[in-house]
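Overview (structure and organization)
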Amino acid sequence: MSERSRPLSPHLLIYRFEWPMLLSITHRFTGVGLAGGAIVLVWWLIALAVGPEYFAYAQAILGSWVGRLLLLGWTWATFYHLCNGIRHLCWDGGWGFELRVARATGVLVVIMSIVLTLAAWLIAYAARGG
Amino acid sequence: MSERTPLARARGLGAAHGGTHHWWIQRATSVVMVPLVLWFAFSLAALGPADHATAAAWVAHPVNAVLALVLIAAMFHHLHLGLEVIIEDYVHSRWVKFATLILQKFVTIIFGFGAAFAVLKIALS
Ligand code: HEM
Ligand code: HEM
């Protein structure tokens, strides 16, 4: 068997870096990150099911600055993966492969992910104040 | 005409030996999750640092509970298949790959049903 000697693809040393590559691998990173976030979501739901005392403890952890930083990261990862996921679905349907369109939708994904993240956090802080 | 690769050509292909079926479930869960994730993310944001009574009342509302369960089912199927693809990409040793795939399946199932159980417990209590 020659399994071990096969090169990995993409062969990073012979590829020229292009921005679309970063967008593409970011879909995978955010997917894995969201899988980690799903564990926290399950913990939060279970804390809610356990009762007021443990839930207050969970909320305090999530509300600490570390907790909020992680939640900010997950918010952005969620919206990036969602927007880029729609881009993937369009490709699967055969739309948007042309280089110019693919570049434009890539920029749109980054902008939309930031806009949605800001919107969610504005709502969160408005709810906190009110 | 279907976009789908004829089964006869796809059968037995890929490390999971079920390529096209899993591919379609991954896409179907993606489509379902677009509205659900938007709804859920903004609902949680609005809930913010809510106390127990407020958060529990939100989850217990029948519409929210049912949509949350649909989201949980879609999300855990989707991330299970996603992680499977990633494991197949990066783990090349046959037995390590097998063990990792099985372990991933167990862990995902436990967390997925844990989430569903929590929602049901809150909604029904
Ligand atoms: C919000 C709606 C979502 C959409 C539209 C979506 C869409 C997609 C699509 C189309 C793919 C396949 C990408 C490819 O062909 O390479 C994918 C992969 C993946 N998704 Fe999602 N997704 C969503 C939410 C989620 C969530 C909530 C999680 C985790 C909790 C998740 C985890 C993953 C993982 C781990 C992968 C595998 C990544 C890879 O193979 O590179 N996704 N997603
Ligand atoms: C809270 C709800 C649910 C959770 C957390 C959940 C989670 C999972 C997980 C983690 C797997 C392992 C994936 C695999 O072996 O491919 C699985 C398999 C499966 N689930 Fe679910 N599931 C839920 C509800 C449902 C529902 C409502 C249906 C049917 C409409 C369903 C149909 C299936 C099928 C057909 C498989 C085997 C898939 C395959 O391997 O081809 N599940 N589920």
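No experiment lies behind these values; they were computed from the predicted model shown.

**Looking at the interface of chain A and chain B**
The partner chain B presents 40 residues to the 33 residues of chain A that form the contact. Among the residues chain A hides against chain B, the three largest losses belong to Arg28(A), Leu45(A) and Leu48(A). Together they make up 19% of the total. Run the count over chain A and chain B and you get 2 salt bridges. Between Asp89(B) and Arg28(A) there is a salt bridge, with the nearest N and O atoms lying 2.9 Å from each other. Connecting chain A to chain B are 6 residue pairs in polar contact (both at pLDDT 80 or more). Contributing elements (two or more residues each) for the side of chain A that touches chain B: helix H1 (19–50), helix H2 (52–63), helix H3 (65–92) and helix H4 (99–129) of chain A. Top contributing element to the side of chain A that touches chain B by residue count: H1(A), with 13 residues. Its residues assigned to classes, the side of chain A that touches chain B shows 25 nonpolar, 4 polar and 4 charged.

**Considering the site of ligand 2**
Residue and element names in this part refer to chain B. All residues in the neighbourhood of ligand 2 are listed as His21, His22, Ala73, His77, His80, Lys105, Thr108, Ile109, Gly112, Phe113 and Ala116. Listed by contribution, the elements that provide at least two residues to the shell around ligand 2 are helix H2 (19–47), helix H4 (62–90) and helix H5 (94–124). Among the elements that take part in the shell around ligand 2, H5 stands out by supplying 6 residues, more than any other. Split by residue class, the shell around ligand 2 holds 4 nonpolar, 6 polar and 1 charged.

**Things to note about the packing of aromatic side chains**
One pass over the structure, following the stated rule, counts 11 aromatic pairs over all chains. Relative to Tyr80(A), the ring of Trp76(A) lies with its centre 5.2 Å away and its plane at 35 degrees, an arrangement referred to as tilted. On the criterion of helical spacing, the pair formed by Trp76(A) and Tyr80(A) is a turn pair, its members being 4 residues apart in helix H3. Measuring from ring centre to ring centre gives 5.8 Å for Trp39(B) and Phe40(B), while their planes differ by 50 degrees; the resulting arrangement is tilted. Since its relative accessible area comes to 11%, Phe40(B) is described here as buried. Ring pairs connect the aromatic residues Trp39(B), Phe40(B) and Trp58(B), which therefore count as one cluster. Geometry around Trp95(B) places Arg94(B) over its ring, the cationic atom sitting 5.9 Å from the centre.

**A closer look at the packing of H1(A) against H4(B)**
In the contact formed by H1(A) and H4(B), the axes pass within 10 Å of each other and the chain directions differ by 135 degrees. In terms of orientation, H1(A) and H4(B) fall into the oblique class. The interaxial crossing formed by H1(A) with H4(B) has left-handed handedness. Where H1(A) abuts H4(B), its residues Ile25(A), Arg28(A), Val32(A), Ala35(A), Ala38(A), Leu41(A), Val42(A) and Leu45(A) lie against Ile72(B), Met75(B), Phe76(B), Leu79(B), Leu83(B), Val85(B), Ile86(B), Asp89(B) and Tyr90(B). Its residues assigned to classes, the contact of H1(A) with H4(B) shows 15 nonpolar, no polar and 2 charged.

**As for empty space enclosed by the protein**
Here the structure, examined in full by the defined rule, presents 1 cavity of 30 Å³ or more. Approximately 60 Å³ is the volume found for the largest cavity. Residue assignment for the lining of the largest cavity shows that the elements contributing at least two residues are H1 of chain A together with helix H3 (52–60) and H4 of chain B. Residues that form the lining of the largest cavity fall into these classes: 10 nonpolar, no polar and no charged.

**Overview of the environment of Ala55(B)**
Relative to the helices and strands, Ala55(B) is located in helix H3. A sequence separation of 34 residues divides Ala55(B) from Asp89(B), and the C-alpha atoms of the two residues are 40 Å apart.

**A short note on the environment of His88(A)**
As for its position among the elements, His88(A) is in helix H3. Between the C-alpha atoms of His88(A) and Gly31(A), which are 57 residues apart in sequence, the distance is 13 Å.

**Observations regarding H3(A)**
Residues and elements named next belong to chain A. Along its 28 residues, H3 runs 40 Å from first to last C-alpha, staying within 8% of the 40 Å computed at 1.5 Å per residue. What H3 keeps buried is the set Gly67, Thr75, Ala77, Thr78, Phe79, Tyr80, His81, Leu82, Cys83, Asn84, Gly85 and Arg87. Of the residues one or two after H3, glycine 94 is the one with positive phi, at around 90 degrees.

**Side note on the coordination of the iron atom of ligand 1**
Coordination of the iron atom of ligand 1 by the protein is provided by His81(A) (NE2) and His78(B) (NE2), with metal-donor distances spanning 2.0 Å. Geometry at the iron atom of ligand 1 is octahedral, judged from its 6 donor atoms and the angles of 88 to 179 degrees they form at the metal. Here His78(B) lies in helix H4 and His81(A) lies in helix H3, a pairing that spans two chains. Both residues of the pair, His81(A) and His78(B), count as buried.

Criteria and cut-off values
Residues numbered from 1 in each chain as written. Chains lettered and ligands numbered in written order. Predicted model: local features only at pLDDT ≥ 70, side-chain atom pairs only at ≥ 80, totals over all residues. Heavy atoms only, no water. Contact = heavy atoms within 4.5 Å. Buried area = accessible area lost by both parts, 1.4 Å probe. Salt bridge = Lys/Arg side-chain N within 4 Å of Asp/Glu carboxyl O. Polar contact = N/O pair within 3.5 Å; in protein donor to acceptor, adjacent residues only side chain to side chain. Helix = DSSP H or I, 4+ residues; strand = E, 2+ residues; numbered from the N terminus. Nonpolar A, V, L, I, M, F, W, Y, C, P; charged D, E, K, R; others polar. Near = heavy atom within 4 Å. Phe/Tyr/Trp six-rings, centres within 6.5 Å; stacked < 30°, edge-to-face > 60°. Buried < 20%, exposed > 50% of the residue type's maximum accessible area, 1.4 Å probe, protein only. Lys NZ or Arg CZ within 6 Å of the ring centre and 35° of its normal. Axes fitted to C-alpha atoms, helices over the stretch in contact; angles between N-to-C directions. Parallel < 35°, antiparallel > 145°, perpendicular 65-115°, else oblique. Left-handed = near helix turned anticlockwise from the far one by under 90°. 1 Å grid on protein atoms, 1.4 Å probe; cavity = no way out; pocket = protein on both sides within 12 Å on 5 of 7 lines; lining within 4 Å. Points joined across faces, edges and corners; volume = space filled by probe spheres on them. Expected span 1.5 Å × (residues − 1). Donors = N, O, S within 2.8 Å, 3.2 Å for Na, K, Ca; no water. Tetrahedral: all angles 85-135°; square planar, octahedral: opposite > 155°, others 65-115°.

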